[in-house]
Amino acid sequence: MAQKRNNANRGVSPNPKTTATTSTTTTSSSTTPLPPIPNPSAPIPGSRPTSSHSAATTSAKTSASAPVAQSWDKVVSNLTSHYQKNTPQRTKLVDAFMAFLVVVGVLQFVYCVLAGNYPFNAFLSGFSATVGQFVLTASLRIQTTEGNKKDFPAVSPERAFADYVVCSLILHFFCVNFIN
Amino acid sequence: MSAETLEILADVGKGKSTRSVLRVIILALIAGASIASRLFSVIRFESIIHEFDPWFNFRATKYLVANGFYNFWDWFDDRTWHPLGRVTGGTLYPGLMVTSGAIWHALRALTIPVDIRNVCVLLAPAFSGLTAIAAYLLTNEMTTYNSAGLLAALFMGITPGYISRSVAGSYDNEAIAIFLLVFTFYLWIKALKQGSMLWGAFCALFYGYMVASWGGYAFITCLLPLHAFVLVLMGRYSTRLYVSYTTWYALGTLASMQIPFVGFLPVKTSEHMPALGIFGFLQLLAFLDYVRSAIPSRQFQTFLWLFAGGIFALSLGALVLATSAGVIAPWSGRFYSLWDTGYAKIHIPIIASVSEHQPTAWPAFFFDLNLLIFVFPVGVYLCFQELADEHVFIIVYAVFGSYFAGVMVRLMLTLTPVVCVAGAIAISTILNNYLVAKTPTEEDQQVAEAAEKKGSKSGLKSANKPVVGIYGLWSKILMVGAMAIYLLIFVMHCTWVTSNAYSSPSVVLASRMPDGSQHIIDDYREAYQWLRQNTKEDAKIMSWWDYGYQIGGMADRPTLVDNNTWNNTHIATVGKAMSSREEVSYPIMRQHEVDYVLVVFGGLLGYSGDDINKFLWMVRIAEGIWPDEVSERAFFTPRGEYRVDGEATETMKNSLMYKMSYYNFNNLFPPGQAVDRMRQARLPEVGPSLSTLDEAFTSENWIIRIYKVKDLDNVGRDHISATAFEKGLKKKKATKKKGPRTLRVD
């Protein structure tokens, strides 16, 4: 159903079957013209095998079954190069903060597993502070990315930052109140 | 002149600013109407708190106002659940009391001295006015027609399904919770539409307020993730969804954990797990979305398979591990009873015994929603036609809400908002199509057809709406007239239902005298006043749990059990005392330091809500704890009837409840003619006798009867022989007691 609707809405965009065989440029352009509904077939892992991709997938699988590790390497290298090339410096800074939050969160969790969760309030508020700050920062990053402009007509980068500050204040107020 | 004024009026209606002014005025009027229609009980009776639970809320509010917020937060109440006590501050939803406390302080600051009781009584109507406005805002997010919003506000204001819980004096959690429910949904839709963190944060704050006010917050906790999940399944994942949902979840969960009663539940119980699961799922989707935009699609597929497979295996493992290790608690009993309506009856009689937990009978839908129940599906269908994100919400809510309303009477309340919204969309669509004055011309039709032909090439059929005009004037008049009549009937029905069914305080009963004048039956307050004035300050009152809050609130005496049914064993103890013989009950009462026993008896007046009618629940609950001492079967005659007359079983006749209800009852009638008017049963000529209790008080219409528990006998006899002695049955007793004579040896 999702597939069908998608076809109907964007008459111009390429058919999914062709998407699978075309090069990089087509895919990246196919995501942009439809801001509110980015290609719905992709985010649903479960729907893959039943969709029209199946033919292409199986062929790709048989050809790629032996050198999986190799193609994985390629994926990762592609990803990193794309990231380094296309990300503005400011966003990278935000990303560094997010990475820091992930590290702190993981540390807290490991501590909780190893040393016990005795002041559960404290653990919970510390952990949810990192998680909450992470998603807020991710939201800020999404809202300030150029490519997502059309998704947020009402949110300018300044507004996004103001929202971010207000939400963080609320978050930390609750955390401090909960820490006991 | 008249034509001119009409024209002027028409011109006034067209201007944009005048329209918004009109809208504000209409909304204000609707809010006024919804407040006014809830005041029947105040006008007919007086400004009084209703029913049972509100009495506790009222008492807690008085405590809050008298002792301040911090004392209220740490309140340990030793006057309930004697001898256990209750950590009241940590086991209630404080939102309601804090709200009315804040209003009271605000009014005082404005130098308007109001009694806290009046604030409490009028809180529910005041909030219903706000609910109407919230319904207007929510509906306006759905359609472009403003009339739909106004209609929704009107429906929300006067529909009996909501009035049933919000008349003046019904000072219960639902009084403010429904406003918070609707407003939270409005903020959620707003956040989702704009993808704004700020609206998400507002949504979380109101969600936190909702958690503080009502246990029904779980409805939001389940509905929002479900909506997000359905959107994802429909292929409508968007960055806006990510921003709004994660902001709401991260802040909302923290906010909900601030309430002591909720505490760690959001991370421990299964009811809250869907929200957490969707939260994690959205993180994955956001990451995948980013990766997909970064690398070619062939490579993305490899990535997806490896990545998604790994995550799926990991999370499944974690879930199994957590459940088996007991980190995540299994579903609670109340929750099971939502899926399997027979569950509670078998396993937890205490839940099944509450009348508002019963499944809904179908006429109740019509009674509570009237016209709206017909137009509700139409509105949902219209939502399918547009199917933007917010319409999906209405559809999900409609399905979810309908199911739950069918399972439990009390959840009709959560269905009502969506019925109002969908009904308003349907009716306003009809009116908008038929109220247009101009008839479409041939050209319009041709243009429309051409557009349709063009459209059919490129898109789905259902995506194009055929442009159909109404040609005949008569059909317009007929349709609009019919709708107007339906709406009028709806208003009349609502008024009638409110006035007749939902405006009785149930503390004060009203009846009609033969000449048509009203007669007020005020037995409850008479009895509670008697308790307040004639008993010691700390005299413990034993009664069935229904009356616990009222005794605490009106008589201000400690009780054994009350409507906060947290300790099933303690309730079963009271049930056992009521349903056993005196010899068994007396030690139980002594152990619990009971001074007075209170029963409600409707036999003289024909009052149906009395204790004999509730008696089987006491037996059932007691049987759940002591299966070999109390048996439900023993209260039925061999033919399986539940009788109170001469043919009642011995167990029934000897039970404390039966004796207390019918003690001295036959003295009211000529010999042999005592009749229980509630159960239409002729009672045996000799009434029951009581030996361990003294009749202390019986109210005017015999609705409340209070007995004093006798102290131990002065000479050390047991009570039965003491009573027998006083009646002059010395000889009989003596032989019985001593048994066969034995020779003295010493």
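Residues numbered from 1 in each chain as written. Chains lettered and ligands numbered in written order. Predicted model: local features only at pLDDT ≥ 70, side-chain atom pairs only at ≥ 80, totals over all residues. Heavy atoms only, no water.

- Under an unreviewed UniProt entry, the name given to chain B is Dolichyl-diphosphooligosaccharide--protein glycosyltransferase subunit STT3, and the organism recorded is Cercophora samala.
- Recorded in UniProt for chain B, the comment headed Catalytic activity (unreviewed entry) runs: "a di-trans,poly-cis-dolichyl diphosphooligosaccharide + L-asparaginyl-[protein] = N(4)-(oligosaccharide-(1->4)-N-acetyl-beta-D-glucosaminyl-(1->4)-N-acetyl-beta-D-glucosaminyl)-L-asparaginyl-[protein] + a di-trans,poly-cis-dolichyl diphosphate + H(+)".
- Entered under Subcellular location (unreviewed entry) in the UniProt record, the comment concerning chain B runs "Endoplasmic reticulum membrane". (UniProt positions renumbered as here; feature names shortened; annotations may be inferred.)

- The name given to chain A in an unreviewed UniProt entry is Dolichyl-diphosphooligosaccharide--protein glycosyltransferase subunit OST2, with Cercophora samala as the source organism.
- Per UniProt, the comment on chain A under Subcellular location (unreviewed entry) is "Endoplasmic reticulum membrane".
- As stated in UniProt under Pathway (unreviewed entry), the record for chain A gives "Protein modification; protein glycosylation."

**Comments concerning the pairing of strand E2 (residues 518-521) of chain B**
And then number 1: Note: strand E1 (residues 509-512) of chain B against E2(B), four bridges, orientation antiparallel. Across the sheet, the residue bridging to Arg512(B) is Gln518(B), located in E2(B). (Pairing = 2+ DSSP bridges. Helix = DSSP H or I, 4+ residues; strand = E, 2+ residues; numbered from the N terminus.)

**Regarding the pattern of salt bridges**
Residue and element names in this part refer to chain B.
And then number 1: Throughout the structure, instances matching the rule amount to 27 salt bridges over all chains.
And then number 2: A salt bridge links Lys576 to Glu629, with the nearest nitrogen and oxygen atoms 2.8 Å apart. Of this pair, Lys576 sits in helix H28 (residues 568-579) while Glu629 sits in the loop between helix H30 (611-625) and helix H31 (650-654), placing them 53 residues apart in sequence.
And then number 3: The buried category is assigned to Lys576, whose relative accessible area is 10%.
And then number 4: Measuring nitrogen to oxygen at the nearest pair gives 2.9 Å for the salt bridge that ties Arg643 to Asp645.
And then number 5: According to the relative accessible area criterion, Arg643 is partly exposed, its value standing at 21%.
And then number 6: What emerges from the salt-bridge pattern is a single network uniting Glu141, Lys190, Lys193 and Glu390. (Salt bridge = Lys/Arg side-chain N within 4 Å of Asp/Glu carboxyl O. Buried < 20%, exposed > 50% of the residue type's maximum accessible area, 1.4 Å probe, protein only.)

**Description of helix H13 (residues 239-257) of chain B**
And then number 1: In this model H13(B) runs 27 Å from its N-terminal to its C-terminal C-alpha over 19 residues, within 8% of the 27 Å that 1.5 Å per residue would give.
And then number 2: Of all 19 residues making up H13(B), 19 are buried, and the element is well covered by its neighbours. (Expected span 1.5 Å × (residues − 1).)

**Notes on the environment of Arg108(B)**
And then number 1: Checked against the element boundaries, Arg108(B) lands in helix H6 (residues 95-109).
And then number 2: Residue classification places Arg108(B) among the partly exposed residues on the basis of a relative accessible area of 47%.

**Observations regarding helix H12 (residues 218-233) of chain B**
Residues and elements named next belong to chain B.
And then number 1: Helix length check: H12, at 16 residues, gives a terminal C-alpha distance of 23 Å against a target of 22 Å (1.5 Å per residue), a fit within 8%.
And then number 2: For H12, the set of buried residues is Phe219, Ile220, Thr221, Cys222, Leu223, Leu224, Pro225, His227, Ala228, Leu231 and Val232.
And then number 3: Buried residues along H12 sit in contact with helix H10 (174-194), helix H11 (197-213), H13, helix H15 (273-294), helix H22 (389-407) and helix H23 (412-434).
And then number 4: Positive phi shows up at Gly235, right after H12, with a value of about 75 degrees. (Contact = heavy atoms within 4.5 Å.)

**Looking at the sheet that holds strand E8 (residues 704-709) of chain B**
Adjacent strands of a sheet form backbone hydrogen bonds with each other and so pair up, either parallel or antiparallel.
Residue and element names in this part refer to chain B.
And then number 1: Pairing is mixed in the open sheet, where four strands are placed in the order E3-E4-E8-E7. Two strands close off the open sheet at either side, each with one partner strand: strand E3 (540-542) and strand E7 (693-698). Strand-to-strand, the axes of this sheet are offset by a mean angle of 30 degrees, without reference to chain direction.
And then number 2: Summarising the sheet, strand E4 (residues 594-600) and E8 pair through five bridges and their orientation is antiparallel. Paired with Val599 across the two strands is Arg705, which belongs to E8. (Axes fitted to C-alpha atoms, helices over the stretch in contact; angles between N-to-C directions.)

**Considering unusual backbone geometry**
All names here are of chain B.
And then number 1: The step from His82 to Pro83 runs through a cis peptide bond, and the omega angle for that step is 0 degrees.
And then number 2: Secondary-structure assignment places Pro83 in the loop between helix H5 (69-73) and H6.
And then number 3: The phi angle at Asn370 is positive, at roughly 50 degrees, despite the residue not being glycine.
And then number 4: Even without a glycine there, the phi angle at Asn664 is positive, about 65 degrees.

**Overview of the UniProt feature "transmembrane region" (unreviewed entry) in chain A**
Residue and element names in this part refer to chain A.
And then number 1: Using the residue numbers shown here, the UniProt feature "transmembrane region" (unreviewed entry) corresponds to residues 93-116 and 161-179.
And then number 2: Between the end C-alpha atoms of residues 93-116 there is a gap of 34 Å, over a span that is 96% helix and 0% strand.
And then number 3: End C-alpha atoms of residues 161-179 are separated by 27 Å, and the span's content is 95% helix alongside 0% strand.

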